[in-house]
Amino acid sequence: MSEKPGLSHAIRKALLTGEASGKVFAARQVARDWRLGRLRFDLGDGDAAAMPDRPAWPYDLHLLPPSQMPKRGKGGSERGRIALWHALAHIEFVAIDLALDIVGRFGGTMGEEFASDFLGVAADEAMHFALLDRKLGTHGSRYGALPAHDGLWQAAQDTAGDVGARLAVVPMVLEARGLDVTPATRDRVASSGDSRGAAILQRILDDEIRHVAFGTKHFSRVAAARGENPPELWRKLVESHFSGAIKPPFNDSARRSAGLSREFYGLLAS
């Protein structure tokens, strides 16, 4: 009987899939195959595939520095609504690769539970992107029709050498910020009469609470292994690896549900 294919090669293949619907399929396939026991846990083995420095993205996606992105406005016009859904779709698209990369890059040291948690995140993000891309289609647009920024993947590159820094910045800062801003966006979309759009945002919010909780759980494991207090280590890593501001308003109830108490972020808030 032939040996099962390795998880690392499956992740690398998904990361290097650039076409949007292909990446959605590949990410969900990796997560499903892992859940069903079809892949061998080879992360950290000598024959494990190296993760690429950058994932493949659609060839026609025009990337700009965050500072050069055009203002979206409040979403009252059709143009503004398309810009909103496109920006959200880009966040979720990059989040697929962030979840795959954290498994492929750090799963060998963090173990199979870590891999299972974040492959589940990758599958969720793929589903979120598919919903948002379909939503763009109802407005006569598509992913790639507008420019997008590269700031999220820059965070991955800046934390590529330290799983603690990656967990501190990506799920516990960037995704946690989604917990803060999504409720107001959902309510604004609902008040415009777009119940379907509001339902998509509620689904994303519910899932992101779980994603931040995975980050907090595994970060606490890293802190314990290093003999450090989790909030103190988090603040130290954020100050070293995140150039943005940690600023209110905060969705404290959602953050608490994810295990991210004020003890972590209160002293850094500006």
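Keep in mind that this is a model prediction, so the values were computed, not measured.

A. Representation of the overall build of the chain. A tally of regular secondary structure across the chain gives 10 helices and 2 strands. In summary, the chain has a C-alpha radius of gyration of 18 Å against a globular reference of 18 Å for 270 residues, a match within 12%. The contacts of the chain with a sequence gap of at least 6 include a subset with a gap of at least 24, amounting to 79%. A total of about 12,500 Å² of accessible surface is found on the chain, and carbon and sulfur atoms cover 53% of it. When the 35 positive and 33 negative side-chain charges of the chain are each reduced to one mean point, those points stand 5 Å apart.

B. Geometry of the nonpolar core. Core analysis: the largest hydrophobic core is formed by 81 residues, its most contacted members being Leu 7, Ile 11, Leu 100, Val 103, Leu 119, Phe 219 and Trp 234. Each residue touching Leu 7, except ones within four places of it in the same chain, is listed here: Val 30, Trp 34, Leu 39, Arg 40, Phe 41, Asp 42, Leu 43, Val 103, Ala 115 and Leu 119.

C. Layout of the layout of surface pockets. In this structure, the second largest pocket spans a volume of roughly 200 Å³. Every residue along the wall of the second largest pocket is listed here: Pro 5, Ala 10, Lys 13, Ala 14, Thr 17, Phe 25, Ala 26, Gln 29, Val 30, Asp 33, Arg 38 and Leu 39. Elements with a minimum of two residues in the lining of the second largest pocket: helix H1 (7-15) and helix H2 (20-35). Of the residues forming the lining of the second largest pocket, the biggest block, 5 residues, is contributed by H2. Grouping the constituent residues of the lining of the second largest pocket by class yields 7 nonpolar, 2 polar and 3 charged.

D. Here's a closer look at the pattern of salt bridges. Enumeration over the complete set of coordinates arrives at 20 salt bridges. One salt bridge connects Asp 60 with Arg 142, and the closest N-O pair in it is separated by 3.3 Å. With Asp 60 in the loop between H2 and strand E1 (63-64) and Arg 142 in the loop between helix H4 (112-138) and strand E2 (148-149), this residue pair connects regions lying 82 residues apart in the sequence. Here Lys 217 makes a salt bridge to Asp 117, at a shortest N to O gap of 2.7 Å. Here Lys 217 is found in helix H7 (residues 195-225), whereas its partner Asp 117 is found in helix H4, with 100 residues between them in sequence. Here the salt bridges do not stand alone but share partners, grouping Asp 124, Arg 203, Asp 207 and Arg 210 into one network.

E. Seen up close, the packing of aromatic side chains. For the coordinates displayed, the defined rule picks out 8 aromatic pairs. Taking 5.1 Å as the distance between ring centres and 45 degrees as the angle between the ring planes, the aromatic pair formed by Phe 93 and Tyr 143 counts as tilted. Here Tyr 143 lies in the loop between H4 and E2 and Phe 93 lies in helix H3 (residues 78-110), a separation of 50 residues in the sequence. Residue Phe 93 shares its accessibility class with Tyr 143, and that shared class is buried.

F. Highlighting the environment of Trp 153. Residue placement: Trp 153 occurs in helix H5 (residues 151-158). Taking the C-alpha atoms as reference, Trp 153 lies 7.1 Å from Val 94; in sequence the two are 59 residues apart. Sequence-distant contacts of Trp 153, that is, excluding residues within four places in its chain, are made with Asp 53, Arg 54, Pro 55, Trp 57, Val 94, Asp 97, Leu 98 and Asp 101.

What counts, and at which threshold
Residues numbered from 1 in each chain as written. Predicted model: local features only at pLDDT ≥ 70, side-chain atom pairs only at ≥ 80, totals over all residues. Heavy atoms only, no water. Helix = DSSP H or I, 4+ residues; strand = E, 2+ residues; numbered from the N terminus. Rg over C-alpha atoms; globule rule 2.2 N^0.38 Å. Contact = heavy atoms within 4.5 Å. Areas by Shrake-Rupley, 256 points an atom, 1.4 Å probe, with all protein chains shown as cover. Lys, Arg positive; Asp, Glu negative; His and termini not counted. Charge placed at Lys NZ, Arg CZ, Asp CG, Glu CD. Core = buried A, V, L, I, M, F, W, Y, C linked by side-chain atoms within 4.5 Å. Buried < 20%, exposed > 50% of the residue type's maximum accessible area, 1.4 Å probe, protein only. 1 Å grid on protein atoms, 1.4 Å probe; cavity = no way out; pocket = protein on both sides within 12 Å on 5 of 7 lines; lining within 4 Å. Points joined across faces, edges and corners; volume = space filled by probe spheres on them. Nonpolar A, V, L, I, M, F, W, Y, C, P; charged D, E, K, R; others polar. Salt bridge = Lys/Arg side-chain N within 4 Å of Asp/Glu carboxyl O. Phe/Tyr/Trp six-rings, centres within 6.5 Å; stacked < 30°, edge-to-face > 60°.

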